[in-house]
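Here is how the chains run, residue by residue.
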Amino acid sequence: MSFMTMLSKKFSLPAQDEALPGRSNAIVPGEAHFVNGRSLQGPYPETFKTVLFGMGCFWGAERLFWQLPGVHVTAVGYAGGHTPNPTYHETCSGRTGHTEAILVVYDPDQTSLSDLLKVFWENHDPTQGMRQGNDTGTQYRSAIYVGSGEDIAQAEQSREAYQSALKAGGHMASITTEIRQLDEFYFAEEYHQQYLAKNPAGYCGIGGTGVSCPTGL
């Protein structure tokens, strides 16, 4: 395989028959949330809702959400691809189809999907395709995976609103964020969970466009 072919595959998603086979055994987090002590796997309270966000390296992105009021628990993992139970190194190869994702479980009586979407849009650049800043590859693409058709409609509405805000702010590039129904979420390895709480000086690639997201979406 030529270097140019390898490079192009890094920036394009594999078809299902091209993806790595994965494995039947899942990565199971062995500890509670490092910051709030709650179970990463649940069970979660029945009235709580779940959303997955992909916005580049999941280390810094997870920290944004565990600090928010109304968020019950967060975790990092892999979503949106083909390979069952992938590892970090497999996901980084670009051959699983997954993006690095943050699981956010929240109490809709205390916070809203709109509040979470505002944090999502304002803290990364959703126009960069298969990269985020200097982090390049399919695993760094922007994505929103939600649990219902109503939430998909709200996420799409927020995307259009933020696209208009970007244009008004002088950013002409189009948003590339993938929005679809929440599918399988695979937990990442234990050392990735709440990484920046365990390693305060660790790498954080979070950076937005400087454009505020309209509220009340």
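Every chain begins its residue count from 1, and numbering advances along the sequence as written. The predicted origin of the model limits local features to residues at a pLDDT of at least 70 and limits the giving and counting of side-chain atom pairs to 80 or more, whereas totals for whole chains, interfaces and linings rest on all residues. Processing note: side-chain calculations cover all non-hydrogen atoms of the structure and skip hydrogens and water entirely.

A.B. asks: Sorry, what's going on with the overall build of the protein chain here?
C.D. replies: Only runs of H or I of at least four residues qualify as helices and only runs of E of at least two qualify as strands under DSSP, and these elements are numbered from the N terminus. Each helix and strand counted, the protein chain has six helices and eight strands in total. Relative to the globule expectation of 17 Å for 217 residues, the C-alpha radius of gyration of the protein chain, 17 Å, shows essentially globular dimensions. For every residue, the accessible area obtained with a 1.4 Å probe (protein chains only) is divided by the maximum for its type, and the residue is called buried under 20%, exposed over 50%, and partly exposed between those limits. In the protein chain, which comprises 217 residues, the share counted as buried stands at 47%. Summarising the internal contacts of the protein chain: among those between residues at least 6 apart in sequence, 80% fall at separations of at least 24. Accessible surface, the protein chain: about 10,100 Å² in total, of which carbon and sulfur atoms supply 51%. For the protein chain, the centre of its 14 positive side-chain charges and the centre of its 22 negative side-chain charges are spaced 7 Å apart. To get the radius of gyration, use the C-alpha atoms; to get the globule rule, take the number of residues to the power 0.38 and multiply by 2.2 Å. The contact criterion used throughout is that any non-hydrogen atoms of two residues lie within 4.5 Å. Surface accessibility in these figures is a Shrake-Rupley result with a 1.4 Å probe; residues are shielded only by whichever protein chains are displayed. A positive count includes Lys and Arg, and a negative count includes Asp and Glu. His and the chain ends are not counted in either. Where a charge lies is defined by one atom per residue type, namely NZ (Lys), CZ (Arg), CG (Asp) and CD (Glu).

A.B. asks: How should I be thinking about the pattern of salt bridges in this particular structure?
C.D. replies: Two side chains of opposite charge can pair, provided their charged atoms sit close to one another. By convention in these notes, a salt bridge is any Lys or Arg side-chain nitrogen within 4 Å of a carboxyl oxygen on Asp or Glu. Enumeration over the complete set of coordinates arrives at seven salt bridges. Taking the shortest distance from any N to any O, the salt bridge between Arg159 and Glu160 comes out at 3.7 Å. Residue classification places Glu160 among the partly exposed residues on the basis of a relative accessible area of 46%. For Lys198, the salt bridge goes to Glu190, with nearest N and O atoms at 3.8 Å. Judged by its relative accessible area of 27%, Lys198 is partly exposed. The partly exposed category is assigned to Glu190, whose relative accessible area is 23%. By sharing partners, the salt bridges in this structure join Arg141, Glu178 and Arg180 into a single network.

A.B. asks: For this particular structure, what's the right way to read the packing of aromatic side chains?
C.D. replies: The relative placement of two aromatic rings is captured by the distance of their centres and the angle of their planes. Working definition: a ring pair exists when centres of Phe, Tyr or Trp rings (six-membered ring for Trp) sit within 6.5 Å. Plane angles under 30 degrees give stacked, over 60 give edge-to-face, the rest tilted. Taken as a whole and assessed by the stated rule, the structure comprises eight aromatic pairs. Considering the side-chain rings of Phe120 and Trp121, the 4.8 Å spacing of their centres and the 70° angle between planes classify their relative orientation as edge-to-face. We classify Phe120 as buried; its relative accessible area is 0%. With a centroid separation of 5.7 Å and 25° between ring planes, the pair formed by Trp121 and Tyr162 is classed as stacked. Remark: Tyr162 occurs in helix H5 (residues 149–168) and Trp121 occurs in helix H4 (residues 113–122); sequence separation between them is 41 residues. Residues Trp121 and Tyr162 agree in their burial class; the two are buried. One aromatic cluster is present, formed by Phe53, Phe65, Phe120, Trp121 and Tyr162 through successive ring pairs.

A.B. asks: Looking at this model, I keep getting lost on the pairing of strand E3 (residues 99–106). Mind explaining?
C.D. replies: As a general feature of sheets, a regular strand has side chains that alternate between the two faces. Where burial is concerned, most of E3 is hidden: eight out of the eight residues are buried. Of the two faces of E3, the one holding Thr99, Ala101, Leu103 and Val105 and the one holding Glu100, Ile102, Val104 and Tyr106 are both buried throughout. DSSP bridges decide pairing: two strands pair if at least two such bridges lie between them. Where strand E1 (residues 49–55) and E3 come together, five bridges link them in antiparallel fashion. In the sheet register, Phe53 faces E3, and the bridge partner there is Ile102. By the bridge criterion, eight bridges tie strand E2 (residues 71–79) to E3 in an arrangement that is antiparallel. Each residue of the ladder has a partner; that of Val76, found in E3, is Ile102.

A.B. asks: Even after reading the chapter, I still don't get the pairing of E1, so can you show me in this structure?
C.D. replies: Most of E1 is tucked away, with five of its seven residues classed as buried. As paired elements, E1 and strand E6 (residues 142–146) share five bridges and run antiparallel to each other. Within E6, the position partnered with Leu52 by the bridge is Tyr145.

A.B. asks: What exactly am I supposed to notice about the nonpolar core here?
C.D. replies: Proteins that are soluble and globular tend to have nonpolar side chains buried together. For the purposes of this section, nonpolar cores are sets of buried Ala, Val, Leu, Ile, Met, Phe, Trp, Tyr and Cys residues that join through side-chain atoms within 4.5 Å. One finds Val51, Phe53, Phe65, Ile102 and Ile144 to be the most contacted residues of the largest nonpolar core, which totals 38 residues. For this core, the elements supplying multiple residues, two or more each, are E1, helix H2 (58–66), E2, E3, H4, E6, H5 and helix H6 (195–198). Element by element, the count of residues in this core is highest for H4, at six residues.

A.B. asks: I keep staring at the side chain of Thr209 and nothing clicks. Help me out?
C.D. replies: In this structure, Thr209 sits in the segment after H6. Whenever two N or O atoms come within 3.5 Å, that pair is a polar contact, provided that in protein one can donate a hydrogen and the other can accept it, and provided that, for residues adjacent in sequence, both atoms are side-chain atoms. At 2.9 Å, the side chain of Thr209 and the side chain of Tyr162 are in polar contact. One polar contact links the side chain of Thr209 to the main-chain amide nitrogen of Val211, over a distance of 3.2 Å.

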